Amino acid sequence: MSENSWSSGKEICPLPPYFGLLAVDAKDSTRLPSVRHATLSRSITDLIHRGLERAGLGEMIRQFESNTGDGLAFGFDPSWLPRVISPFADVLDSILQRHNAGPGPRIRLRMSIHVGPVPVSPGLPGDGNAAPRSETHRLLDCSAARRGLAESGEDGTSLVVIVSDAVHSAVVVGGYCAVPSSRFIEVRAEVPGKDFAQTAWMYVPSPSGGLLRRPTAQTASANEPKVGTDKAAPTGPRPIHARVQNVESGVAVMDSTLRDVHQRGVPRPGRDRRS
């Protein structure tokens, strides 16, 4: 038996290294006159870099960083993923809030975070191009992320974060992230006109407006009538043992339409190092 007789003849390629992937995009940037687009682009880049510094990520090496006109995208060592979710997202949210309180144009961002194998070829065309990078931008453009920012208050919510299921499972559920899993809302990430549909998780550092009123998918599912039964849902108090079970499992808090909006005990580093 020859050495390659077991092979189907398809070329075997080594798996590229895994990268954390981040992309941001500004809401309603196309409504600005063309003369202000360059200024907006520079402002977004400056705000992102400033947020990384203040969150203690100034030493994190950014790979294949690219400016998208009204956003920014780059890869990084996936060991930084917990800190990219928090404190970076929370610090960036605070920076955006302060910026939007000033006289300049309001900047409200969507941010997507993903992870996957990506080839690196610095200085060459195609550096960092692979399916995970495309998926990062699909997450950024998904209807759930756009709707989340659109339903929130303009003066209350400056950032919506959409996290892939892979990142959520490994980093958030795995317990490496400072933000509890109850702060994430499961969504279906779909992009109209694109062959893309994935489970994702939305985190909003400062929810406001419709985000405070809209029930989570878990709540909506619980409120739907059961198919195949004519019995009305019981209106009386639930048994004590069921109430205790829900409280212990956190369901009583997670199902609240307020979605635990007051628990934001995330440390915010005080240093402000300039890059």
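In this text, all values refer to a predicted model and were calculated from it rather than measured experimentally.

Novice: Give a detailed account of the overall build of the protein, specifying residues and quantitative values.
Specialist: Looking only at helices and strands, the protein has nine helices and seven strands in total. For the protein, buried positions account for 42% of its 275 residues. Carbon and sulfur atoms make up 53% of the accessible area of the protein, which totals about 15100 Å².

Novice: Outline the nonpolar core, listing residues and values.
Specialist: Formed by 39 residues in total, the largest nonpolar core has its most connected members in Leu22, Ile48, Ile85, Phe88, Leu109, Met111 and Ile113. Breaking this core down by element, the ones donating at least two residues are β1 (18–26), α1 (37–54), β3 (71–76), α2 (81–100), β4 (109–117), β5 (159–164), α5 (165–172) and β7 (197–203). Tallying contributions element by element places α2 first for this core, with nine residues. The residues contacting Met111, other than those within four sequence positions of it, are Leu22, Ala23, Val24, Phe88, Ala89, Leu92, Leu140, Leu159, Val160, Val161 and Ile162. Within the second largest apolar cluster, 16 residues are counted, among which are Ala145, Ala200, Met202 and Leu211.

Novice: Go over the pattern of salt bridges with me, naming the residues and quoting the values.
Specialist: Scanning all chains against the criterion turns up five salt bridges. Here Asp25 and Arg110 are joined by a salt bridge, their closest N and O atoms 2.8 Å apart. In this pair, Asp25 is assigned in strand β1 and Arg110 in strand β4, connecting sequence segments 85 residues apart. Taken individually, Asp25 and Arg110 each receive the classification buried, so the pair is uniform in this respect. Through salt bridges with shared partners, a single ionic network connects Asp25, Arg110, Asp141 and Arg146.

Novice: Quick one: what's the story with the packing of α1 against α2, residue by residue and with numbers?
Specialist: Direction vectors running N to C along α1 and α2 enclose 130°, while the axes themselves pass 9 Å from each other. For the element pair α1 / α2, the angle class is oblique. Relative to α2, the crossing made by α1 is right-handed. Together, Leu47, Ile48, Arg50, Gly51, Leu52 and Arg54 of α1 and Phe88, Val91, Leu92, Ile95, Leu96, Arg98 and His99 of α2 make up the contact between the two elements. Here the contact of α1 with α2 is composed, by residue class, of eight nonpolar, two polar and three charged.

Novice: Tell me what's going on with the packing of α2 against α5, and back it up with residues and numbers.
Specialist: Contact geometry for α2 and α5: axes closest at 10 Å, N-to-C directions at 90°. Classified by the angle their axes make, α2 and α5 are roughly perpendicular. Residues Leu81, Pro82 and Ile85 of α2 lie in contact with α5, whose contacting residues are Val167, Val171 and Val172. Partitioned by chemical class, the residues of the contact of α2 with α5 number six nonpolar, no polar and no charged.

Novice: How would you summarise the sheet that holds β5 if you had to cite specific residues and measurements?
Specialist: Spatially, the seven strands line up as an open sheet ordered β2-β3-β1-β4-β5-β7-β6, and their pairing is mixed. Because the sheet does not close on itself, it has two edges, and the strands there are β2 (63–67) and β6 (184–190). Across this sheet, the average inter-strand angle for adjacent strands is 20°, counted without regard to direction. Pairing geometry for β4 and β5, over five bridges, is parallel. Counted as the bridge partner of Ser112 is Ile162 from β5. Contacts between α1 and the sheet are confined to β1, β2, β3 and β4, with β3 contributing the most and set at about 35° to the helix.

Novice: Tell me about the pairing of β5, residues and numbers included.
Specialist: Judged by how many residues are buried, β5 sits mostly within the fold: six of six residues are covered. Examined bridge by bridge, β5 and β7 share four bridges and lie antiparallel to one another. By the bridge assignment, Val163 is partnered in β7 with Trp201.

Novice: If you had to explain the confidence of the model for the protein to someone new, which residues and values would you point to?
Specialist: Averaged over the protein, the pLDDT score is 79; the fraction of residues at 70 or greater is 72%. Ignoring residues within four places in sequence, the model shows residues 216–275, a span with pLDDT below 50, making 59 contacts including any to other chains.

Novice: So what's going on with helix α4 (residues 143–151)? Residues and values would help.
Specialist: Every buried residue belonging to α4 is among Ala144, Ala145, Gly148 and Leu149, and all of these are buried. Down the axis of α4, the sector holding all buried residues measures 130°, keeping them to one side. Contacts made by the buried residues of α4 are with β4, α3 (131–141), β5, β6, β7 and α6 (210–213).

Novice: Outline the pairing of β2, supporting the account with residue identities and numerical values.
Specialist: In this structure, β2 lies alongside β3, joined through three bridges in antiparallel fashion. Each bridged residue has a counterpart across the sheet, and for Gln63 the counterpart in β3 is Gly75. Following β2, the chain reverses through three residues before pairing antiparallel with β3; Gly69 in that reversal takes a positive phi of roughly 95°.

What counts and what doesn't
Every chain's residues receive numbers from 1 upward, in the order its sequence appears when written. In view of the model being predicted, local features appear only for residues whose pLDDT reaches at least 70, and side-chain atom pairs are presented and counted only at 80 or more, with totals across whole chains, interfaces and linings using the full set of residues. Note: side-chain values were computed over all heavy atoms of the structure, leaving out hydrogens and water. Only runs of H or I of at least four residues qualify as helices and only runs of E of at least two qualify as strands under DSSP, and these elements are numbered from the N terminus. Using a 1.4 Å probe on the protein chains alone, a residue whose accessible area is under 20% of its type maximum counts as buried, one over 50% counts as exposed, and one in between counts as partly exposed. Only the protein chains shown count as covering a residue, and every accessible area follows the Shrake-Rupley method with a 1.4 Å probe. To qualify as a nonpolar core, a set must consist of buried Ala, Val, Leu, Ile, Met, Phe, Trp, Tyr and Cys residues joined through side-chain atoms within 4.5 Å. When checking whether two residues touch, look at their non-hydrogen atoms; a contact exists if any pair is within 4.5 Å. Any Lys or Arg side-chain nitrogen found within 4 Å of a carboxyl oxygen on Asp or Glu counts as a salt bridge. To get an axis, a line is fitted to the C-alpha atoms, and for a helix only the part in contact is used. The angle between two axes follows their N-to-C directions and goes from 0 to 180 degrees. Note on angle classes: values under 35 degrees are labelled roughly parallel, values over 145 roughly antiparallel, values of 65 to 115 roughly perpendicular, and the remainder oblique. Crossing handedness follows the turn of the near helix against the far one: under a right angle anticlockwise gives a left-handed crossing, and clockwise gives a right-handed one. All amino acids are sorted into three groups, where Ala, Val, Leu, Ile, Met, Phe, Trp, Tyr, Cys and Pro are nonpolar, Asp, Glu, Lys and Arg are charged, and the leftover types, Gly among them, are polar. Note on pairing: DSSP must find at least two bridges between two strands before they are called paired. Every residue is assigned a pLDDT by the predictor, reflecting its confidence on a scale from 0 to 100. Working definition: the arc comes from the directions between the helix axis and the C-beta atoms, pointing outward to the latter.

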